[in-house]
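# Examination of the molecular architecture
Next come the chains, spelled out residue by residue.
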Amino acid sequence: MAMPVAFFALFFAYPVAAIVGRGLKADGVWQFGRIGTVLSRPAILDVLWFTTWQALASTALTLLIALPGAYVFARFDFPGKQLLRAVVTVPFVLPTVVVGTAFLALLGRGGFLDELWGVRLDTTVWAILLAHVFFNYAVVVRTVGGLWSQLDPRQEEAARVLGAGRLAAWRRVTLPALAPAVAAAALMVFLFTFTSFGVVQILGGPAYSTLEVEIYRQTAQLLDLPTAAVLTLVQFAAVGGILAVHARTVRRRETALKLVDPAQTSRPPRGAGQRALLGGVLLSVLLLVLLPLGVLVERSLDTSGGYGFAFYRALQSADASGSTFLVPPLDAIGNSLRYALVATVIALLIGGLAAAALTRRRAGRLVRGFDALLMLPLGVSAVTVGFGFLITLDRPPLDLRTSWILVPLAQALVGVPFVVRIMLPVLRAVDDRLREAAAVLGASPLRAWREVDLPLIRRAVLVAAGFAFAVSLGEFGATVFIARPDNPTLPVAVARLLGRSGELNYGQAMALSTILMLVCAASLLVLERIRTDRSGEF
């Protein structure tokens, strides 16, 4: 636990505490009375209420739509499965401002629904909920589906032989085994929607505001650091309480499971019911995932002179965007890939060590409490973290303001929780007796981990690496404050282009978003092929 604790203390707790201190201190004295003053405002109470209930509604709707998809990807074998699995993960890495713009084109004035049926959903909560499902569909499919594909189906078949119906067998055998993974996925979706920023700001309009939106408004627009500090503490308290309940509830349900090769559990759909389920999942993916992505591609090609690649060619020159960039926007691709690779390595190292420590049955309360703390970066404002980096990491020996490593460190903070949540259910499902048998036969702890744990968790490691890489590619909230002007990432470059008026800037933003989408899809497809090629080694 030493390395994970040091990492989070230095690059998360310290910067956030510094920001809160600046907001609640006056002449060196803590002003805790400001908390009650801020929380008594009716406008702030409305923000807290909307933030909570829209996150709950988004989580429930995402689970309802995505769990059938998790089952299909885990149990069915059909043409294009690897490609489709990679495609559904792409929305998770797109900058929120881009997704909000895409859904506005679909649901707003002159959008797809408006032209087809005369229906507009912009400035309504339904637009926000649908966009959140678009973002988080892959979280449920990959987190739950990863464990589901390794569950031995013969256990459910045995229950049916003993007289249980299909639904009863699933409810009594499969669902309890999946409960930790479902809870982990629900937790990630809730935290992500609880701190939603770009989607709410663009689709909700002035009528809707989450805590994240309000913190940004109080910090960047009103320069009211005391109010922003209070709202940050509220986020901390809410997220900490949720994580504590989650850790206590899920730990009681986690047991050793019999994990098998995923190739043994996947087969073509049989019967009308399974084919109908596959068709329904493919239709939902088409409407909720592929259609918004198609809008991005169409906008990137739609120039004033007709469809073409003029916006893509303009990305090769910094002059085409006026004074927006010091380097050609196309350079952001290489920057993003380098940063994401380094961030993925850091996230796997920190998250893997933390997950390994948390699986020990004799872990004390302090270690189990750290399980909840690992998720805090997903529930704390990225604006707060970004500002915190700037005001704390500015003195030797940690003067990193001009160092390239600062961006991967910020991205890894968001990647580590996903690594832990994906690897933890699988690690805890490994039977301790296998490790004990290896030790009895003379294996050292390191060799027992290499020969017993690693073959069983290799799939989870690859899934975690894919998520960490994807999250790093699309991280925007903290990166926008610390990325150097001559080394922008793809999301930062897109935001800069969207912030300037003109058809050329907007078209280049859509072109860069399309490139980000294709780079992510290609990376995840390679990961899928590697994972499939090695599945026989389990």
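Each remark here, short or long, concerns the structure printed above.
Here the structure is a predicted model, which is why all the values come from computation and not from measurement.

With that out of the way, let us pick up a nonpolar patch on the surface. Residues Phe 112, Leu 116, Trp 117 and Val 119 make up a contiguous nonpolar surface patch of about 430 Å² in total accessible area. By the element assignment, Leu 116 lies in helix H6 (residues 112-117). With relative accessibility at 46%, the residue Leu 116 sits in the partly exposed group.

Let's shift gears to the environment of Gln 201. Mapped onto the fold, Gln 201 is located in helix H10 (residues 198-204). Remark: the alpha-carbon pair of Gln 201 and Gly 100, spanning 101 residues in sequence, is separated by 8.2 Å. Residue contacts for Gln 201: discarding those within four places in its chain leaves Val 213 and Tyr 216.

Turning to the environment of Ile 35, a few remarks are in order. Along the polypeptide, Ile 35 turns up in helix H2 (residues 33-39). You can call Ile 35 partly exposed: its relative accessible area is 26%. Beyond its immediate chain neighbours, meaning those up to four positions away, Ile 35 contacts Val 230 and Leu 233.

Core analysis: the biggest nonpolar cluster contains 157 residues, and Phe 7, Phe 8, Leu 293 and Phe 389 have the highest contact counts within it. With 16 residues, the single largest contributor to this core is helix H19 (residues 406-429). Among residues more than four places away in sequence, those in contact with Phe 7 are Phe 12, Ile 346, Ile 350, Leu 409, Ala 412 and Leu 413.

The next subject is the side chain of Thr 193. Of note, Thr 193 is situated in helix H9 (residues 166-194). Exposure remark for Thr 193: the relative accessible area of 0% places this residue in the buried category. Here Phe 190 takes part through its backbone oxygen, which lies 3.0 Å from a polar atom of the side chain of Thr 193. Residues contacting Thr 193, with those up to four places away along its chain left out, are Gln 54, Ala 55, Ser 58, Thr 59, His 132 and Asn 136.

Attention now goes to the packing of helix H15 (residues 331-358) against helix H21 (residues 445-474). Between H15 and H21, the least distance of the axes is 8 Å, while the angle of their chain directions is 135°. Relative to H21, H15 is oriented oblique. Two packed elements cross with a definite hand, and for H15 against H21 that hand is right-handed. Of the residues in H21, those in contact with Ser 336, Leu 337, Ala 340, Leu 341, Ala 343, Thr 344, Ala 347 and Leu 348 of H15 are Val 461, Ala 464, Ala 465, Ala 468, Phe 469, Ser 472 and Leu 473. Per-class residue counts for the contact of H15 with H21 are twelve nonpolar, three polar and no charged.

Contact geometry of H9 with H19 gives a least axis separation of 9 Å together with a crossing angle of 170°. In terms of axis orientation, H9 runs roughly antiparallel to H19. In contact with Pro 180, Ala 181, Ala 184, Leu 187 and Met 188 of H9, H19 contributes Phe 418, Arg 421 and Pro 425. Of the residues contributing to the contact of H9 with H19, the split by class is seven nonpolar, no polar and one charged.

Criteria and cut-off values
- Residues numbered from 1 in each chain as written.
- Predicted model: local features only at pLDDT ≥ 70, side-chain atom pairs only at ≥ 80, totals over all residues.
- Heavy atoms only, no water.
- Patch = residues over 30% accessible without salt bridge, like charges linked within 9 Å, V, L, I, M, F, W, Y side chains within 5 Å.
- Areas by Shrake-Rupley, 256 points an atom, 1.4 Å probe, with all protein chains shown as cover.
- Salt bridge = Lys/Arg side-chain N within 4 Å of Asp/Glu carboxyl O.
- Helix = DSSP H or I, 4+ residues; strand = E, 2+ residues; numbered from the N terminus.
- Buried < 20%, exposed > 50% of the residue type's maximum accessible area, 1.4 Å probe, protein only.
- Contact = heavy atoms within 4.5 Å.
- Core = buried A, V, L, I, M, F, W, Y, C linked by side-chain atoms within 4.5 Å.
- Polar contact = N/O pair within 3.5 Å; in protein donor to acceptor, adjacent residues only side chain to side chain.
- Axes fitted to C-alpha atoms, helices over the stretch in contact; angles between N-to-C directions.
- Parallel < 35°, antiparallel > 145°, perpendicular 65-115°, else oblique.
- Left-handed = near helix turned anticlockwise from the far one by under 90°.
- Nonpolar A, V, L, I, M, F, W, Y, C, P; charged D, E, K, R; others polar.

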